[in-house]
Amino acid sequence: MNLLREPLLHFVLGGALLFAGYAGLEREQTDASGLEPVRIGEGEVRWLKETWANQWLRAPSTQELQGLVADLVSEELLAREAREIGLDRNDTIVRRRLAQKLKFLVEDTSGLIEPKEAELRQFYETNAARFQSGARVSFTQIFFNPALRKDAFSDAKAALAELQAAGDTDLAATVGDRLLFDAEIRDADEQAVSSMFGPEFARAVFTLRPGRWSEPVKSGYGLHLVSIADTSTAKHPPFEEVRDEVLQEWRREKEKDVNRDYLVRLREKYGVVLDASAKELLGADRVADAAKAP
């Protein structure tokens, strides 16, 4: 009973009651507005420092850091008010940015998954065509420029007859027109040939037989006589040689799977409803595709 008469106890109890009352008042004010105050903590300040240091290669001064914090507070206040009055609604840029951020987060989770060696080998076997090295070709081309000749095709045919009759490969250097590419192309795949001369030329070159000059072949520049020196067929490299490439492809596929599964769950959670006007615009054959999971 003597303890109840101690002044120190009275002081502690009074302080506790006062603190509780103040906290309750603060909660009432927050509950009444339904809004939480902007809070800047250690994590935010550290992030500001690191961002500044990455950009300017030095730590911010005290004054600069104060300015960064003030800017962050202003940005957060403006962003909150913008959301409060609905400025984020029906905004394409905001919607895409939010979707992009979430997509990045989902993709990051897929990067945490590590395949077992057996799984990676199975992926390699199932998708063998992806890792097959393409056919390659070495050839000599003689260019006939339609912009410089009245009849480039006839000139190419005449040169072909001359080459066939002479049977001398040195003669090739004395006919034709200049081109920005070398006359001799060595060990190139179809994509490389296509990037230089165009896809039509590349497809034609890979059908030619070695050891003789071709009929005129059309490219994006004009006409060419082509002599194939050497070809190699497509190869299927062993797993050990392309393991890194297999792993990259596996990760890309896993990323697609994670994104697709996540979207399926979101569709199940929120649902997708196309109103009558949207269905009319899409057409009956596309309505089901637009509403179903990807």
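Conventions we followed
Residues numbered from 1 in each chain as written. Predicted model: local features only at pLDDT ≥ 70, side-chain atom pairs only at ≥ 80, totals over all residues. Heavy atoms only, no water. Helix = DSSP H or I, 4+ residues; strand = E, 2+ residues; numbered from the N terminus. Buried < 20%, exposed > 50% of the residue type's maximum accessible area, 1.4 Å probe, protein only. Contact = heavy atoms within 4.5 Å. Areas by Shrake-Rupley, 256 points an atom, 1.4 Å probe, with all protein chains shown as cover. Axes fitted to C-alpha atoms, helices over the stretch in contact; angles between N-to-C directions. Left-handed = near helix turned anticlockwise from the far one by under 90°. Nonpolar A, V, L, I, M, F, W, Y, C, P; charged D, E, K, R; others polar. Core = buried A, V, L, I, M, F, W, Y, C linked by side-chain atoms within 4.5 Å. Parallel < 35°, antiparallel > 145°, perpendicular 65-115°, else oblique. Phe/Tyr/Trp six-rings, centres within 6.5 Å; stacked < 30°, edge-to-face > 60°. Expected span 1.5 Å × (residues − 1). Pairing = 2+ DSSP bridges. pLDDT = per-residue confidence, 0-100.

Draft legend 1. Summary view of the overall build of the protein. What the protein contains, in helices and strands, is eleven helices and four strands. Expressed as a percentage of the 294 residues in the protein, the buried residues total 23%. Here the contacts in the protein between residues at least 6 apart in sequence split such that 67% fall between residues at least 24 apart. If you sum the accessible surface of the protein, you get close to 21600 Å²; carbon and sulfur atoms cover 55% of it.

Draft legend 2. Inspection of the packing of helix α2 (residues 42-56) against helix α3 (residues 62-84) at higher detail. Axis separation between α2 and α3 bottoms out at 10 Å; the angle between their running directions is 115°. Regarding α2 and α3, the two cross each other, and that crossing is right-handed. Together, Glu44, Val45, Leu48, Lys49 and Trp52 of α2 and Glu64, Leu65, Leu68, Val69 and Leu72 of α3 make up the contact between the two elements. In the contact of α2 with α3, the residues fall into seven nonpolar, no polar and three charged.

Draft legend 3. Structural context of unusual backbone geometry. Of note in the backbone geometry, Asn90 takes a positive phi value of approximately 55° without being a glycine. With respect to the helices and strands, the residue Asn90 is situated in the loop between α3 and α4 (92-110). A residue is classified by how much of its surface remains accessible, and Asn90, at 80% relative accessible area, is exposed. The backbone of Asp187 sits at a positive phi, close to 50°, despite the residue not being glycine.

Draft legend 4. Summary view of the nonpolar core. With 13 residues, the main nonpolar core has Phe139, Val193, Phe197, Phe201, Val205 and Val226 as its most contacted residues. The set of elements that each furnish at least two residues to this core consists of β1 (136-144), β2 (184-189), α7 (190-197), α8 (199-205) and β4 (223-232). For Val205, the residues in contact, after removing those within four places along its chain, are Val137, Phe139, Val226 and Ile228. Ala159, Leu171, Ala172 and Leu225 belong to the second largest nonpolar core, which has twelve residues in total.

Draft legend 5. Representation of the packing of helix α5 (residues 117-126) against helix α9 (residues 243-270) in the model. As a packed pair, α5 and α9 sit with axes 10 Å apart at the nearest point and diverge in direction by 90°. With respect to each other, α5 and α9 are oriented roughly perpendicular. Of the residues in α9, those in contact with Glu117, Glu119, Leu120, Phe123 and Tyr124 of α5 are Arg243, Val246, Leu247, Glu249, Trp250, Glu253 and Lys254.

Draft legend 6. Up close: the side chain of Ser227. When you line up the elements, Ser227 lands in strand β4. Using a relative accessible area of 16% as the deciding quantity, one classes Ser227 as buried. Sequence-distant contacts of Ser227, that is, excluding residues within four places in its chain, are made with Ser138, Phe139, Thr140, Arg212 and Trp213.

Draft legend 7. The arrangement of the packing of aromatic side chains in detail. Counted under the stated rule, the structure contains nine aromatic pairs. Between the aromatic rings of Tyr124 and Phe131, the centroid separation amounts to 5.8 Å while the plane-to-plane angle is 35°, which identifies the pairing as tilted. With respect to class, Tyr124 is no different from Phe131; both count as buried. Aromatic side chains Phe139 and Phe201 sit 6.2 Å apart centroid to centroid with 55° between the ring planes, which places their arrangement in the tilted category.

Draft legend 8. Inspection of α9 at higher detail. Its 28 residues give α9 an end-to-end C-alpha distance of 40 Å, which sits within 8% of 40 Å, the value for a rise of 1.5 Å per residue. Turning to α9, its buried residues are Val246, Leu247, Glu249, Trp250, Val258 and Asn259. The positive-phi residue at the C-terminal boundary of α9 is Gly271, with phi of around 80°.

Draft legend 9. Structural detail: the sheet that holds β4. One open sheet accounts for four strands, arranged β2-β1-β4-β3; its pairing is antiparallel. Since the sheet does not close on itself, it has two edges, and those belong to β2 and β3 (217-218), each with one partner. Here helix α6 (residues 152-166) sits on the sheet in contact with β1 and β4, set at roughly 50° to β4.

Draft legend 10. Spotlight on the environment of Gly198. If you trace the backbone, Gly198 turns up in the loop between α7 and α8. A C-alpha to C-alpha distance of 8.9 Å links Gly198 and Tyr221, two positions 23 residues apart in sequence.

Draft legend 11. Layout of the confidence of the model for the protein. Confidence in the prediction for the protein averages 81 pLDDT; 81% of positions are at 70 or higher. Contacts of residues 6-23 to residues separated by more than four positions or lying in other chains number four contacts, the stretch itself having pLDDT below 50. Here residues 25-32 scores under 50 on pLDDT; set against residues more than four positions off or in separate chains, the count is two contacts.

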